[in-house]
Number of protein chains: 2
Amino acid sequence: MGEFELIRRYFAAAPCAQAAEGVALGIGDDCALLDLPPGEQLAVSTDTLVAGVHFPDACEAFLLGQRALAVSASDLAAMGATPLAFTLALTLPCADEDWLRGFADGLALMAAACGLALVGGDTTRGPLSLTLSVFGRVPRGQALTRSGARPGDLLCVGGSLGDAAGALPLVLRERRAAARIARPLLERYWAPQPQLALGQALRGSATAALDVSDGLLADCGHIARASGVALLVERERLPLSAPLLALLGREAAQACALGGGDDYRLAFTLPPSLLPAFQRDWPELAVIGRVEAGAGVQLLDAQGLSLDLPAGGYQHFGATHD
Amino acid sequence: MGEFELIRRYFAAAPCAQAAEGVALGIGDDCALLDLPPGEQLAVSTDTLVAGVHFPDACEAFLLGQRALAVSASDLAAMGATPLAFTLALTLPCADEDWLRGFADGLALMAAACGLALVGGDTTRGPLSLTLSVFGRVPRGQALTRSGARPGDLLCVGGSLGDAAGALPLVLRERRAAARIARPLLERYWAPQPQLALGQALRGSATAALDVSDGLLADCGHIARASGVALLVERERLPLSAPLLALLGREAAQACALGGGDDYRLAFTLPPSLLPAFQRDWPELAVIGRVEAGAGVQLLDAQGLSLDLPAGGYQHFGATHD
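Residues numbered from 1 in each chain as written. Chains lettered and ligands numbered in written order. Predicted model: local features only at pLDDT ≥ 70, side-chain atom pairs only at ≥ 80, totals over all residues. Heavy atoms only, no water.

### What about the domain arrangement of chain A?
All names here are of chain A. Applicable threshold: Domain segmentation is taken from an automatic or database assignment of domains. Note on contacts: a residue pair qualifies if any of its non-hydrogen atoms lie within 4.5 Å across the two residues. The term buried area denotes the loss of accessible surface (1.4 Å probe radius) that occurs when two parts are joined, taken as the sum for both partners. The salt bridge criterion pairs a side-chain nitrogen of Lys or Arg with a carboxyl oxygen of Asp or Glu, the two atoms within 4 Å. Counting of polar contacts relies on pairs of N or O atoms within 3.5 Å, with two restrictions inside protein: one atom must be capable of donating a hydrogen and the other of accepting it, and residues adjacent in sequence are counted only when both atoms are side-chain atoms. Secondary structure elements follow DSSP: runs of H or I no shorter than four residues count as helices, runs of E no shorter than two count as strands, and numbering proceeds from the N terminus. Side-chain classes follow a simple rule in which Ala, Val, Leu, Ile, Met, Phe, Trp, Tyr, Cys and Pro form the nonpolar group, Asp, Glu, Lys and Arg form the charged group, and the remainder, Gly included, forms the polar group.
For chain A, the assigned domains are domain 1 (3-139) and domain 2 (154-307). Contacts between domain 1 and domain 2 engage 23 residues on the former and 19 residues on the latter. For the domain 1 and domain 2 pair, buried surface summed over both sides reaches about 1700 Å², with 65% attributable to carbon and sulfur atoms. Counting every contact that joins domain 1 to domain 2 gives one salt bridge. Of the charged contacts, one joins Asp262 and Arg67 as a salt bridge, the two residues approaching to 3.0 Å between their closest N and O atoms. Counting every contact that joins domain 1 to domain 2 gives six residue pairs in polar contact (both at pLDDT 80 or more). Those elements that provide at least two residues to the side of domain 1 that touches domain 2 are α2 (61-79), β4 (82-92), α3 (97-114) and β6 (129-139). A total of 12 residues in the side of domain 1 that touches domain 2 trace back to one element, the largest contributor, which is α2. When grouped by side-chain class, the residues that make up the side of domain 1 that touches domain 2 number 16 nonpolar, five polar and two charged.

### With respect to the packing of aromatic side chains
Quick reminder of the rule: We call Phe, Tyr and Trp rings a pair once their centres come within 6.5 Å, taking the six-membered ring for Trp, and we label the pair stacked below 30 degrees between planes, edge-to-face above 60, and tilted otherwise. Only protein chains enter the accessibility calculation, which uses a 1.4 Å probe; a residue whose area is less than 20% of its type maximum is buried, one above 50% is exposed, and one in between is partly exposed. Whether a charge sits over a ring depends on NZ of Lys or CZ of Arg being within 6 Å of the ring centre and within 35 degrees of the ring normal.
One pass over the structure, following the stated rule, counts nine aromatic pairs over all chains. Considering the side-chain rings of A:Tyr189 and A:Trp190, the 5.0 Å spacing of their centres and the 85° angle between planes classify their relative orientation as edge-to-face. The exposure class of A:Tyr189 is buried, given its relative accessible area of 0%. Aromatic side chains B:Trp99 and B:Phe103 sit 5.1 Å apart centroid to centroid with 10° between the ring planes, which places their arrangement in the stacked category. Here B:Trp99 pairs with B:Phe103, and both are found in helix α3 (residues 97-114), just four residues apart, close to one helical turn. Both residues of the pair, B:Trp99 and B:Phe103, count as buried. Taken together through their ring pairs, the aromatic side chains of A:Tyr10, A:Phe11, A:Trp99 and A:Phe103 make up a single cluster. One cation-aromatic arrangement involves A:Arg67 over A:Tyr189; the distance from NZ or CZ to the ring centre is 4.4 Å.

### Considering the side chain of B:Asp29
Residue position: B:Asp29 is located in the loop between β1 (23-25) and β2 (32-34). The class of B:Asp29 is buried, set by a relative accessible area of 17%. From its side chain, B:Asp29 meets the backbone nitrogen of A:Arg146 in a polar contact 2.9 Å long. Excluding residues that lie within four positions of it along the chain, B:Asp29 makes contacts with A:Met79, A:Leu144, A:Thr145 and A:Arg146.

### Some points on the relation of the copies chain B and chain A
For clarity, the cut-off: Our superposition of the copies is a least-squares fit, built on the C-alpha atoms of residues whose pLDDT is at least 70 in both.
Each copy superposes on the other: chain B lies on chain A with an RMSD of 0.0 Å after a rotation of 180° and an axial shift of 0.0 Å. Overall, the copies show the geometry of a two-fold rotation axis.

### Details of the UniProt feature "binding site: Mg(2+) 3" (unreviewed entry) in chain A
Spelled out, the test is: UniProt positions are given in the numbering used here, feature names are shortened, and annotations may be inferred rather than shown by experiment.
Per the UniProt record, "binding site: Mg(2+) 3" (unreviewed entry) is found at A:Asp30, A:Asp75 and A:Asp211. The largest pairwise C-alpha distance within this set of annotated residues, which runs over 182 residues, is 32.5 Å, so the set is dispersed in three dimensions. The residue A:Asp30 is located in the loop between β1 (23-25) and β2 (32-34) in this model. According to the relative accessible area criterion, A:Asp30 is buried, its value standing at 6%. Mapped onto the fold, A:Asp211 is located in strand β8 (residues 208-211). Residues contacting A:Asp211, with those up to four places away along its chain left out, are A:Ser74, A:Asp75, A:Ala78, A:Asp219, A:Tyr264, A:Arg265, A:Leu266 and B:Asp30. A distance of 2.8 Å separates a polar atom in the side chain of A:Asp211 from a polar atom in the side chain of A:Ser74.

### What to know about the UniProt feature "domain: PurM-like C-terminal" (unreviewed entry) in chain A
Annotation from UniProt places "domain: PurM-like C-terminal" (unreviewed entry) at residues 150-298 of chain A. Structurally, residues 150-298 of chain A comprises 43% helix and 19% strand, and the distance from its first C-alpha atom to its last is 16 Å.

### Focus on the sheet that holds β2(A)
Just so we agree on the cut-off: DSSP calls a pair of strands paired once it identifies at least 2 bridges connecting them. Lines fitted to C-alpha atoms define the axes here, with helix axes fitted over just the stretch in contact, and angles between the N-to-C directions of these axes take values from 0 to 180 degrees.
One open sheet holds the six strands; their spatial order is β1(A)-β2(A)-β3(B)-β6(B)-β4(B)-β5(B), and the pairing between them is mixed. Across the chains shown, the open sheet's two edge strands, defined by having one partner strand only, are β1 of chain A together with β5 (117-125) of chain B. Adjacent strand axes in the sheet meet at a mean angle of 20° when their direction is disregarded. The strands touched by helix α1 (residues 3-12) of chain B are β4 (82-92) and β5 of chain B; relative to β5(B), the strand with the most contacts, the crossing angle is about 165°.

### Brief notes about the environment of A:Met110
All names here are of chain A. Take Met110: it is sitting in helix α3. Judged by its relative accessible area of 3%, Met110 falls in the buried class. Spatially, the C-alpha atom of Met110 lies 41 Å from that of Ser306, the residues being 196 residues apart in sequence. Setting aside its immediate chain neighbours within four residues, Met110 contacts Gln66, Leu69, Ala70, Pro192, Gln193 and Pro194.

Encoded structure:
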């Protein structure tokens with residue numbers, strides 16, 4: 001038996017690969033089989049993370065496993081879907097047992113937190129990269145999409161923005177900070193919490209939604225384009241965490257919040273009448289702007305005057321946006 | 001807009017990404033949405049192909065696109081599932097327009113042949129590799145698995161074996177042959193035809209099934225283990241194509257049929273009473289052995305005497321089994 005066959009057996013025996021609701025057949029046959037409750041649709045998303053592009057080559061395996069699954073699960077949150085299962089295609093230069101154990105542990109922790117069962121995948125030899133496909137279920141016709149924002153809606157986000165982008169120099173060890181500042185920011189980078197419960201709660205209420213992964217302004221552009229509306233973002237209303245402000249100061253923190261991806265907060269549009277109920281249940285929710293007739297994204301200062309948009313979208317760890 | 005964003009738009013506009021039955025929402029949002037008819041289950045399979053391991057670095061993009069999707073769709077055939085959709089995670093060192101056009105054309109041809117719609121994925125920069133996830137639907141409880149073979153069943157395959165393995169020296173240009181021999185063999189390697197109709201027809205009849213991808217003997221081992229039975233393979237009953245026999249002679253052709261993967265024929269077990277109906281509708285179907293009580297795989301000669309099993313499973317293009 002080859003070392004990669006051993007890896008496949010290792011994952012097949014992992015806790016996250018065991019019996020789970022909705023999984024009729026897991027790892028070990030030509031396909032996995034999933035059950036959907038009557039009246040529900042399947043939500044599917046696929047993401048690839050490449051070493052040196054989406055994460056540092058030398059990063060800790062545990063953190064990588066945790067973060068990779070969170071990034072994918074966040075797409076389910078953005079659709080208001082209930083997590084069901086995932087597949088993992090892992091390409092590795094060699095079979096290092098310590099690395100694998102760490103990676104599988106990180107993966108299992110996030111899988112348990114999200115309610116996702118590992119149902120299949122592939123392990124191959126090659127330069128380090130991961131492709132995850134996640135599956136969720138959502139009542140037919142109730143998925144949150146990017147295309148329903150209407151003039152008069154409020155623009156909201158599910159919590160503080162910019163923390164992950166602010167953490168990047170710490171991740172890359174280009175900068176140091178006191179533990180009380182560094183720890184929460186690194187936590188936001190390495191263990192983003194997909195806002196699954198918020199996404200499900202927003203079904204039938206939010207008119208459009210996505211998870212902030214390309215950077216807030218770029219992602220607002222996606223909603224504006226898909227919905228055929230203009231989105232106005234008020235810079236002074238961006239929710240900024242205390243550690244981010246302490247690390248960078250207000251101006252640089254705002255820049256991280258506007259341009260930084262990797263936060264995996266939900267951004268969504270909501271009729272104003274529905275806001276109070278959500279504010280009560282989700283105290284971290286922040287209104288950051290509004291929807292108007294028109295096109296594109298505008299950034300406003302405290303006086304409501306239009307500001308120039310910063311150039312370019314979010315740069316991932318590597319040099320390119322891709 | 002980066003070049004990789006352009007690639008994403010290129011795929012989103014491809015014919016295979018357009019409206020299809022069962023696809024409620026395709027490319028362009030955080031998730032795709034799939035509809036399943038009441039009473040059906042979703043079948044999912046994920047495969048990764050890495051350049052230099054699963055296909056030659058320098059291979060034609062059109063052939064790669066075609067073959068990659070066929071390999072994945074074959075897993076749906078093995079479960080008796082009806083194809084629905086797929087996602088493509090493509091990692092590329094650079095955005096070469098000619099390469100992309102060729103690849104997308106090959107992919108689209110196989111997608112149309114299989115009835116698969118492209119519903120999502122990712123394009124990233126890095127060493128060339130592909131991960132495909134395919135989705136199919138199958139009536140609840142009727143999927144073909146590896147675990148139901150019973151003593152007394154016949155062991156069958158859906159057509160000639162060993163052609164793809166026999167073609168490998170031609171693929172690698174280590175060997176030449178007359179066009180009448182080379183052409184059909186190369187066709188079998190580059191454009192395997194997933195036996196989707198046969199798989200669907202076998203639902204409710206075959207007791208176990210898979211697609212031959214690791215090599216016949218290795219794959220028979222999977223059925224034997226999952227079903228808790230012994231599989232007896234009769235060497236003289238292996239169906240060998242005329243071009244393979246012409247290229248290699250009988251003995252080497254048999255070795256290709258026993259050890260070669262990449263044929264993507266279905267192998268399955270069938271109660272003898274059901275054989276005649278299938279033989280009428282599938283003239284290429286061949287009985288190659290039988291199921292007995294016990295464990296493991298035995299290879300028998302023309303006299304029914306047990307032969308030593310060849311060592312090792314199928315070697316893919318590269319040096320390792322993985």
